[in-house]
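Secondary and tertiary structure notes
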Amino acid sequence: MKNKIKMIDLFAGCGGLTDGFMKTGFFDEIAAVDWLKPQVDTLRKRLKTKWNIEHADESVMYFDIQKGEELFLGWENDDTYGTGKGLDFFINKVYGIDLIIGGPPCQAYSIAGRVRDENGMNDDYRNFLFEHYLNVVKRYKPKAFVFENVPGLLSAAPNGKPVKELIKNAFNEIGYDIVDDLKKYALINASEFGVPQNRKRLIILGINKELYPDSQENLKDFYEKILPKYKVKKIKTVKEAIDDLPSLTPLLDEVSHKNKKSHTCSICNVSWHVPRYNNLRDMDTFKTLALDLESGNKVYDSKKISELYAKKVGSHSPIHRYHVLDPNKPSTTIIAHLHKDGNRFIHYDSKQSRTITVREAARLQSFDDDFDFIGTQGNAYQMIGNAVPPELAQKVALAVHDFLCS
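None of these values were measured; they are calculated from a predicted model.

Parameters and conventions
- Residues numbered from 1 in each chain as written.
- Predicted model: local features only at pLDDT ≥ 70, side-chain atom pairs only at ≥ 80, totals over all residues.
- Heavy atoms only, no water.
- Helix = DSSP H or I, 4+ residues; strand = E, 2+ residues; numbered from the N terminus.
- Rg over C-alpha atoms; globule rule 2.2 N^0.38 Å.
- Buried < 20%, exposed > 50% of the residue type's maximum accessible area, 1.4 Å probe, protein only.
- Areas by Shrake-Rupley, 256 points an atom, 1.4 Å probe, with all protein chains shown as cover.
- Lys, Arg positive; Asp, Glu negative; His and termini not counted.
- Charge placed at Lys NZ, Arg CZ, Asp CG, Glu CD.
- Pairing = 2+ DSSP bridges.
- Contact = heavy atoms within 4.5 Å.
- Arc of directions from axis to C-beta.
- Polar contact = N/O pair within 3.5 Å; in protein donor to acceptor, adjacent residues only side chain to side chain.
- Phe/Tyr/Trp six-rings, centres within 6.5 Å; stacked < 30°, edge-to-face > 60°.
- Axes fitted to C-alpha atoms, helices over the stretch in contact; angles between N-to-C directions.
- Parallel < 35°, antiparallel > 145°, perpendicular 65-115°, else oblique.
- Nonpolar A, V, L, I, M, F, W, Y, C, P; charged D, E, K, R; others polar.

Considerations on the overall build of the protein
Per the secondary structure count, the protein includes 17 helices and ten strands. The C-alpha atoms of the protein give a radius of gyration of 22 Å, which matches the 22 Å a tight globule of 406 residues would have. The dimensions of the protein, computed from C-alpha atoms along their principal axes, are 65 × 45 × 40 Å. The proportion of buried residues among the 406 residues of the protein is 54%. Approximately 18,500 Å² of the protein is accessible, and the part contributed by carbon and sulfur atoms is 48%. Separation of charge centres in the protein, based on 57 positive and 55 negative side chains, amounts to 4 Å.

Brief notes about unusual backbone geometry
Even without glycine at this site, N77 takes up a positive phi of about 55°. Inspection of the secondary structure assignment puts N77 in strand β4 (residues 75-78). The phi torsion at S366 lies on the positive side, around 75°, for a residue other than glycine.

Examining the pairing of β4
Direction of pairing for β4 relative to strand β5 (residues 82-84): antiparallel, over a ladder of two bridges. Counted as the bridge partner of D78 is G82 from β5. As consecutive antiparallel partners, β4 and β5 are separated by three residues.

A few points about the side chain of D88
In this structure, D88 sits in helix α5 (residues 87-93). Contact partners of D88, with chain neighbours within four places excluded, come to F72, L73, R139 and Y140.

Describing helix α8 (residues 163-173)
For α8, the complete set of buried residues consists of V163, I167, K168, A170 and F171. One side of α8 holds all its buried residues, which, seen down the axis, span an arc of 165°. In this fold, the buried residues of α8 make contact with α7 (130-140), β7 (144-149), β8 (176-177) and α10 (215-226).

Here we look at the environment of S353
With respect to the element layout, S353 can be found in the loop between α14 (302-313) and α15 (358-364). Take S353: its relative accessible area is 6%, and that puts it in the buried class. Separated by 63 residues in the primary sequence, S353 and A290 place their C-alpha atoms 7.7 Å from one another. Once residues lying within four places of it in the same chain are set aside, the contact partners of S353 are P250, H263, N278, M283, F286 and K287. Of note is the side chain of S353, whose polar atom sits 3.0 Å from the backbone oxygen of S350.

Some thoughts on the packing of aromatic side chains
Applying the stated rule across the entire model yields 19 aromatic pairs. Measuring from centroid to centroid gives 5.3 Å for F63 and Y81, while their planes differ by 70°, and the two rings are edge-to-face. A residue pair is termed long-range when its members are at least 10 positions apart, and F63 in the loop between β3 (60-62) and α4 (68-73) and Y81 in the loop between β4 and β5 qualify at 18 residues. With relative accessibility at 14%, the residue Y81 sits in the buried group.

Re the packing of helix α2 (residues 37-49) against helix α16 (residues 377-386)
The axes of two packed helices give the description: the angle between them and the distance between them. The interhelical angle for the contact between α2 and α16, taken along N-to-C directions, is 75°, at an axis separation of 10 Å. Viewed along their axes, α2 and α16 adopt a mutual orientation that is roughly perpendicular. Residues P38, Q39 and T42 of α2 pack against N379, Q382 and M383 of α16. The residue makeup of the contact of α2 with α16, split by class, is two nonpolar, four polar and no charged.

Some details on the side chain of D177
Relative to the helices and strands, D177 is located in strand β8. Overall, the relative accessible area of 6% leaves D177 in the buried class. A polar contact of 2.8 Å, which involves the side chain of D177, links it to the side chain of K168. If near-sequence neighbours (up to four positions away) are discounted, D177 is found in contact with K168, N172, L205, G206, I207, K209, S215, Q216 and L219.

Some thoughts on the environment of S331
Inspection of the secondary structure puts S331 in the loop between α14 and α15. Sequence separation of S331 and F345 is 14 residues, and the distance between their C-alpha atoms is 8.6 Å.

Observations regarding α16
All buried positions along α16 are accounted for by A380, Y381, M383, I384 and G385. For α16, the secondary structure elements touched by its buried residues are α2 and α15.

Structure, rendered in structure tokens:
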């Protein structure tokens, strides 16, 4: 396709956002940046094998976006990041770009993160990573940008300064506008766009005010008329997403558990459908809770789950640490904590007595089965939890294409 929309992806992760945009056929990824090696390796492989981008080993840059000058001009013999050509090299080759996509790490904006941190994340450097995103927008002056983040951004106020106001004012100063009422317009649920998961996120479209003088009207038109066209008629459930994958049943013999193997392994044509190790105590808990859901009794509310945790583990927790995925509803939000344990993502089939596999997590995030993840099992869970669901990204990309080409 001629005259594709040229884009770069910042804080690209493993490429959920990129993958959705590429699926439309309307976009060409010129460069991407991330500072985690397994994510970079994963995105490079995806771009080469799926989208035939031969230069991905160079254009997907393993680098820290906070090192601004080197990010633009290139770097040599860095102890961590090696050598890279910099964004200018790739963008000058195509005479500028049209779109920047991405979203800074969200942990510092998340409400859960603020609750866990003794200082409410006020001192977390990630509160201001958007400034580095802004610097890239300022340098390359695209027609628009897509900035994805968690709903907690709406209430985040490190040191008393509301982040949403900092972001709006900062982009205004460099000639870009975002919609005035982010909560009303930009807060969406991925389940409404075909992702089998209740995942609320901010999709912030920013536009160049020189190109769109009536910026607020243009932005409201995007959210009220263009994006809603891509909502699905029927919400997809957990069962519809993962039920066709092979069962992984418990191994209850002592030898298996000594060898850190708790379940049978699958024989199937998709990667990463491999069970993580679950100890006998946890497997018994998973079965109890899944049976409760299967029976329809649902006696295990938050209080009883906390009591069960105290009984099993011998300590109390302020939050209930177990959750069985309801097969007849979208999943709860897939989170990066999955790389530590899957106790809040228990498979609904009591006969399996386990938490979800990487492939099941990937499907609930709407990754295709041919999307491979490079790294350890923990790496894979983490990058899936941090990713933008490709199905949501594709719907946003179609809407952005409509907006830019109207």
